[in-house]
Structures are given as C-alpha cells and as structure tokens.
Amino acid sequence: MKKNMFVLAFCLIVLAFSSCSSLRNTTPKNLPPLSEVSPILDSIVEEGYQLYYSERANWIATDLVFERYGMDELGRSITYQADNNLWTVCFFDKNNEKCLLECRFDIKSGNTVTLDSIRPISIFEKEQMQRKETMHNEAISKYGSELKFAPETFGNPNIDFVRMNDHLTRVYFLQGTIRHDVIPFGNDYSIDFDENLKPIAFRRYHRSLIDSPIKNDKGEEAKFLFHTHLKDNPFITPTDICNFLLYRPKNMDGFMVASEAYNCMFMFSVNQHRIVVQ
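Thresholds applied
- Residues numbered from 1 in each chain as written.
- Predicted model: local features only at pLDDT ≥ 70, side-chain atom pairs only at ≥ 80, totals over all residues.
- Heavy atoms only, no water.
- Core = buried A, V, L, I, M, F, W, Y, C linked by side-chain atoms within 4.5 Å.
- Buried < 20%, exposed > 50% of the residue type's maximum accessible area, 1.4 Å probe, protein only.
- Helix = DSSP H or I, 4+ residues; strand = E, 2+ residues; numbered from the N terminus.
- Contact = heavy atoms within 4.5 Å.
- Pairing = 2+ DSSP bridges.
- Axes fitted to C-alpha atoms, helices over the stretch in contact; angles between N-to-C directions.
- pLDDT = per-residue confidence, 0-100.

Draft legend 1. Molecular detail of the nonpolar core. Core analysis: the biggest nonpolar cluster contains 49 residues, and I241, F255, F268 and I275 have the highest contact counts within it. Counting residues per element, the ones that place at least two in this core are α2 (34-66), β2 (86-93), β3 (98-106), β7 (168-175), β8 (182-186), α4 (238-247), β13 (254-259) and β14 (264-269). With 13 residues, the top contributor of residues to this core is α2. Setting aside chain neighbours within four positions, we find I241 in contact with I44, V45, G48, I236, F255, F268 and I275.

Listed below in structure tokens is the structure:
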C-alpha cells in the first residue's frame, strides 16, 4: 500500500513539473493588461496576509492560554482586528462571564502583549461573541453540507472572522493539519455576511485537498511548491497565501499556481510580498 502511494505521489509530482514547464513556455491567453491585473493581485495578497494575521494571532493566543488553563476551564473566544496593525484574541471562562486572557498581536513588530488578569467581559466583547455565534450558526445552517474537510487524523478546520469593511464580514473555513511534512491547500471556503449578519455570498476556492509535501523522499526540502487552478479559480487565492505562510519552512520563499483560465503561472513570493505573472 505504501509503495503504491509513493508511486502515485511521484506521478503527481512529475505531472506538476511537466505542466509548470509547458506553461512557462507559452503565452498567456485572455489575461487582462497588467494595469488591470496588478490591483487584483495586490488585493489578494493583502487579504491573504490579513487572514494569516488572524490565524497566527489565534495560534499564539491558544498556546498562551493552554499554558495557564485546561480545556475544561475555558468557554468561548473571540478574535478581532482592533486597528490596522493590531489583532486581539480573548479567551473567556466556562460561563462566558470573565475574560481569562487577552492577547494583542502587533503585525508590524511581531510583538505580543499578554494580559492575564481575570476581569469581567466588556459590552464590546459580548457583542463580538454574539456576532461570531450568529455568523457561525448561519454559515453551518445554510452551507454546512457544502463544507468538506479531511479526517481528524490529518487536522481539523480553522475558522476565521475577518471584517473586510463596515458593511462586510468574511468568514473563512480553512483546512488545518497536525502533520509537519505538508502544506494544506484546498478544502477552503468563505462566506460573506452583510451588516445585518445575513449570508450573501459563498465561495469554494478549491475542489479538493492538495496536501503538498515540503520534502522529497530523500528528506530534501523542496525549493518551491506548485499546484493547478481550474478555469473557475484563475488566480492564487488568499487562502493559498494564508496556509502557505502558516505552514511553510522558514527557507521556502514562495509557491506557484498554474492558471488554466489564463494559461500562465502566478508566483507568490514572501520576500517580494507580491504575486508576479510568469
């Protein structure tokens, strides 16, 4: 069984690199002028980083709260963007009446401030908790049957609530993983909510899970990762960028996506902080 799985993985890698090489030697089709494409790509990068900061703040805060409390002592939690540079995560007690830990993550400096003095929940925090519960319940009620994830042995989904503007909140469902040898792309969705917390749009970014290995069979770290997007998903997605940033090895700078819609390659680079067309 293991041998068959290895053969299948090897074939997929060969196909991926063949597609990559063929697209590099072709001319993009139907691709709008760069003056039109560049703002789209820049907005994808910005959204991807905001999603990453939300998830990263959750990771840091979760580690900190479990250093102090057990699961049976915790109730709900909220995550919100206090301003352009600050993400805040709060964990509440079992009765959701007191804040046990508040973690503030500065995205510019990377510094984290932790406040662990137990205090009553504020009115603002109660409102945020109610908003989160309403959107979560609406999302599951309306689109739950559309959300497909890997088994728990691979990893549970992560849920993020990102305020896009005063009129729109986007709820993301991302495939997480407990494995250290892959970066999970796919099994990712978003649901948009209006100011009245009514769902107005649903998007499935990929059709399946793409668990991309970060090392080859010799244990050598991959230089880059690659996967293909079909015509209904022409660009790199914010969820691609988020999960790459979360799970990438430190020395891996980027990944590439082959766009069937435009017959070209899109490459995301951490160092360049942008997506380029190849």
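Next comes the rest of the account.
Draft legend 2. Here's a closer look at the sheet that holds β7. What the four strands build is an open sheet, ordered β6-β7-β9-β10; its pairing is antiparallel. Looking at the sheet topology across the chains shown, the edges are occupied by β6 (157-165) and β10 (199-204). Sheet twist, expressed as the average angle between the axes of neighbouring strands with direction ignored, equals 15°. Contacts between α2 and the sheet are confined to β6 and β7, with β6 contributing the most and set at about 130° to the helix. Taken strand by strand, α4 contacts β6 and β7, and its axis lies near 55° from that of β7.

Draft legend 3. Expanded view of the confidence of the model for the protein. Averaged over every residue, the pLDDT of the protein is 90; the share at 70 or more is 91%. Segment residues 1-23 is flagged for pLDDT under 50; beyond a separation of four residues in sequence, or across chains, it makes 12 contacts in the model.

Draft legend 4. Structural context of the pairing of β14. Summarising burial for β14: five of the six residues are buried, a large majority. Counting the residues between successive antiparallel strands, the hairpin from β13 to β14 contains four residues, one of them, N263, with a positive phi of roughly 55°. Across four bridges, the pairing between β14 and strand β15 (residues 274-277) is antiparallel. What sits directly across from S269, in β15, is R274. Linking two consecutive strands that pair antiparallel, namely β14 and β15, is a turn of four residues; a positive phi of about 55° is found at H273 within it.

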